[in-house]
Amino acid sequence: QIYREKYRQGDRVRAIIVDVQRTSKGPQITLSRSRPEFLMKLFELEVPEIFERIIEIKAIAREPGERSKIAVSSNDERIDPVGACVGVKGSRVQNIVRELNNERIDIVLWSSQPQVFVTKALAPAKIVNIETFHGEDRMTVVVDDEKLSLAIGKSGQNARLAAKLTGWKINILSESEYTAMKEAEEMEKVDLD
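A quick note: this is a predicted structure, and the numbers were derived from the prediction, not measured.

Structural notes on the sheet that holds strand β4 (residues 67-74)
Strand order in this open sheet of three strands is β3-β4-β5, and the pairing throughout is mixed. Only two strands of the sheet have a single partner each, and these edge strands are β3 (55-63) and β5 (104-109). Here the average twist between neighbouring strands, direction ignored, is 20 degrees. Of the pairings in the sheet, the one linking β4 to β5 comprises six bridges and is parallel in character. Of the residues in β5, the one forming a bridge with I70 is I107. Along the sheet face, helix α1 (residues 36-46) touches β3, β4 and β5 and points at about 140 degrees away from the line of β3.

Here it is as structure tokens:
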């Protein structure tokens, strides 16, 4: 169940079936509205191109009832996957947002290049620089000083969802923090010499 949702007997509820167990009282069905698969199914119902496999959902990161990020790509270069998911004047995504009680949904263009994908996942924050540590699946992302709170998001939500979506550990620094860190590293090198 999505946090803060209340149901009464007789309400119509959309959900995915997670489990069915036979009990002495008959079958017991477990439903979910909070799993990422539910969001995927809602997009399949709302966006014909996803149902027809022209657009593919590559990854989903979700904090149910709050915010979700979904990465999409197209198997047909003539179709814009983000535009198709958003719909005319946002109609398609708005139907899903309404179904999920105004959960915010960010639709991101998927990329096989980790730096490009992380940049898109952290939108709307503009990224100044990225340092990648491939062995550790970790990135240090540098943003404008005034965009730091936007990149991190409320209670770290934007950064957390971007990391979950991309599979990379993301350390976000402001330009001034990054410059200070690099100067400190240079000083350490000088001291060692």
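Right, picking up where we left off after that structure.
Details of the environment of I29
Following the sequence through the fold, I29 ends up in strand β2 (residues 26-32). Linking I29 and D19, residues 10 residues apart in sequence, is a C-alpha distance of 5.9 Å. Those residues in contact with I29, other than ones at most four positions away along the chain, are I17, D19 and V20.

Considerations on the packing of aromatic side chains
Following the criterion strictly, the structure yields one aromatic pair and no others. For the pair W110 and F117, a centre-to-centre distance of 6.4 Å together with 65 degrees between the ring planes defines the contact as edge-to-face. Here W110 falls in the partly exposed class, since its relative accessible area comes to 29%. A cation over a ring is seen here: K58 above W110, with NZ or CZ 4.4 Å from the ring centre. Across from the ring centre of F133, 4.0 Å away, lies the NZ or CZ of R138, which sits over that ring.

Observations regarding the sheet that holds strand β7 (residues 138-143)
Overall, mixed pairing links the three strands, which are arranged β6-β7-β8 in an open sheet. The sheet is open, and its two edges are formed by β6 (127-133) and β8 (169-174), each paired on a single side. The mean angle between the axes of side-by-side strands here comes to 20 degrees, regardless of whether they run parallel or antiparallel. Of the pairings in the sheet, the one linking β7 to β8 comprises six bridges and is parallel in character. When the bridges of β8 are listed, V142 appears paired with L173. Against the sheet, helix α5 (residues 114-121) makes contact with β6, β7 and β8, and its axis sits at roughly 135 degrees relative to β6, the strand it touches most.

Regarding unusual backbone geometry
The omega torsion across A123 and P124 is 10 degrees, close enough to zero to call that bond cis. Checked against the element boundaries, P124 lands in the loop between α5 and β6. Positioned with a positive phi, D137 is a non-glycine residue whose angle comes to about 50 degrees.

Some words on the environment of Q1
Relative to the elements of secondary structure, Q1 occurs in the segment before β1 (16-23). The exposure class of Q1 is exposed, given its relative accessible area of 56%. For the pair Q1 and R35, spaced 34 residues apart in sequence, the C-alpha to C-alpha distance is 8.9 Å. Once you skip the residues sitting within four places of it in the chain, Q1 turns out to touch Y7 and S34.

Parameters at a glance
Residues numbered from 1 in each chain as written. Predicted model: local features only at pLDDT ≥ 70, side-chain atom pairs only at ≥ 80, totals over all residues. Heavy atoms only, no water. Pairing = 2+ DSSP bridges. Helix = DSSP H or I, 4+ residues; strand = E, 2+ residues; numbered from the N terminus. Axes fitted to C-alpha atoms, helices over the stretch in contact; angles between N-to-C directions. Contact = heavy atoms within 4.5 Å. Phe/Tyr/Trp six-rings, centres within 6.5 Å; stacked < 30°, edge-to-face > 60°. Buried < 20%, exposed > 50% of the residue type's maximum accessible area, 1.4 Å probe, protein only. Lys NZ or Arg CZ within 6 Å of the ring centre and 35° of its normal.

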